[in-house]
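# Observations on chain architecture
One letter stands for each residue in the lines below.
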Amino acid sequence: MAWLLRNARIADELPVVDIAIEAGKIAAIGPAEQADGDQVWDLDGRVVLPGLIDAHTHLDKTYLNVQNQSGTLREAIDRWIAAKSTRSRAQVQAAARRALRTAIANGVTAMRSHVDTETAADLATLETLLGLREEMAGLIDLQFVALGNISAGEEAKQTLREALRMGVDCVGGAPSLTADPHS
């Protein structure tokens, strides 16, 4: 399907342009008086921006109904650890799907989500989120970061290895939250 955005503004002080889009990619920018598209929109000078990128989120924790009384990160983490085993895969999937649909509706085209990978039980959540990545392909680009603490022991190391095998894109962590940040 070819689209044509007429009279679009791509920067202040520049004249409006027409933007031809083919196969989901910008094919041409400039005057397109002769161009046609399956769908044509007259933007009447409105600004066209690239999609938004959410570079740091936690889809495994989204819409978790737990109160953080102190408002501190430490309490939030402790409450998450206590609550995460009570969430079913269906609950995780529904909450993450809701968050993704909201993000897409608001212009987010790419997202990086950190996902707990410290215990073997965390892998079910990761598998659920990887399934959503497939489901949402073409709507949003999802990148997953294995969030673990390898100094926590052998299970954490094994879980991280399995997360990498399953398809996480990279590894992250929060050294400042460990007993020995230099280990």
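This structure is a prediction, so every number in the text was calculated from the model and none was measured.

## What about the overall build of the chain?
Across its full length, the chain holds four helices and eight strands. Reading the chain from its N end, one meets helices and strands in the order β-β-β-β-β-α-α-β-α-β-α-β. In terms of C-alpha radius of gyration, the chain reaches 21 Å, well past the compact-globule figure of 16 Å for 183 residues. Principal-axis analysis of the C-alpha atoms gives the chain an extent of 65 × 35 × 30 Å. Classification of the 183 residues of the chain by burial places 32% in the buried group. The long-range fraction of contacts in the chain, counting pairs at least 24 apart against all pairs at least 6 apart in sequence, stands at 70%. Entry remark: accessible area of the chain is about 11400 Å², with carbon and sulfur atoms responsible for 53%.

## A few points about the packing of helix α2 (residues 89–105) against helix α3 (residues 122–135)
Following both chains from N to C, one finds α2 and α3 inclined at 40°, their axes separated by 10 Å at the closest point. Put simply, α2 runs oblique to α3. Between α2 and α3 lies a crossing of right-handed hand. Contact with α2, carried on its side by Arg89, Val92, Gln93, Ala96, Arg97, Leu100 and Arg101, involves Ala124, Thr125, Glu127, Thr128, Leu129, Leu132 and Glu135 of α3 and no other residues of that element.

## Some points on the nonpolar core
Formed by 22 residues in total, the largest nonpolar core has its most connected members in Leu59, Leu100, Met111, Leu129 and Phe144. Elements supplying a minimum of two residues to this core: α2, β6 (108–116), α3, β7 (141–147) and α4 (154–166). Aside from chain neighbours lying at most four places away, what touches Leu59 is Ala96, Ala99, Leu100, Met111, Ser113, His114, Leu129, Leu142 and Phe144. With six residues, the next largest nonpolar core counts Leu5, Ile19, Ile21 and Leu43 among its residues.

What counts and how
- Residues numbered from 1 in each chain as written.
- Predicted model: local features only at pLDDT ≥ 70, side-chain atom pairs only at ≥ 80, totals over all residues.
- Heavy atoms only, no water.
- Helix = DSSP H or I, 4+ residues; strand = E, 2+ residues; numbered from the N terminus.
- Rg over C-alpha atoms; globule rule 2.2 N^0.38 Å.
- Buried < 20%, exposed > 50% of the residue type's maximum accessible area, 1.4 Å probe, protein only.
- Contact = heavy atoms within 4.5 Å.
- Areas by Shrake-Rupley, 256 points an atom, 1.4 Å probe, with all protein chains shown as cover.
- Axes fitted to C-alpha atoms, helices over the stretch in contact; angles between N-to-C directions.
- Parallel < 35°, antiparallel > 145°, perpendicular 65-115°, else oblique.
- Left-handed = near helix turned anticlockwise from the far one by under 90°.
- Core = buried A, V, L, I, M, F, W, Y, C linked by side-chain atoms within 4.5 Å.

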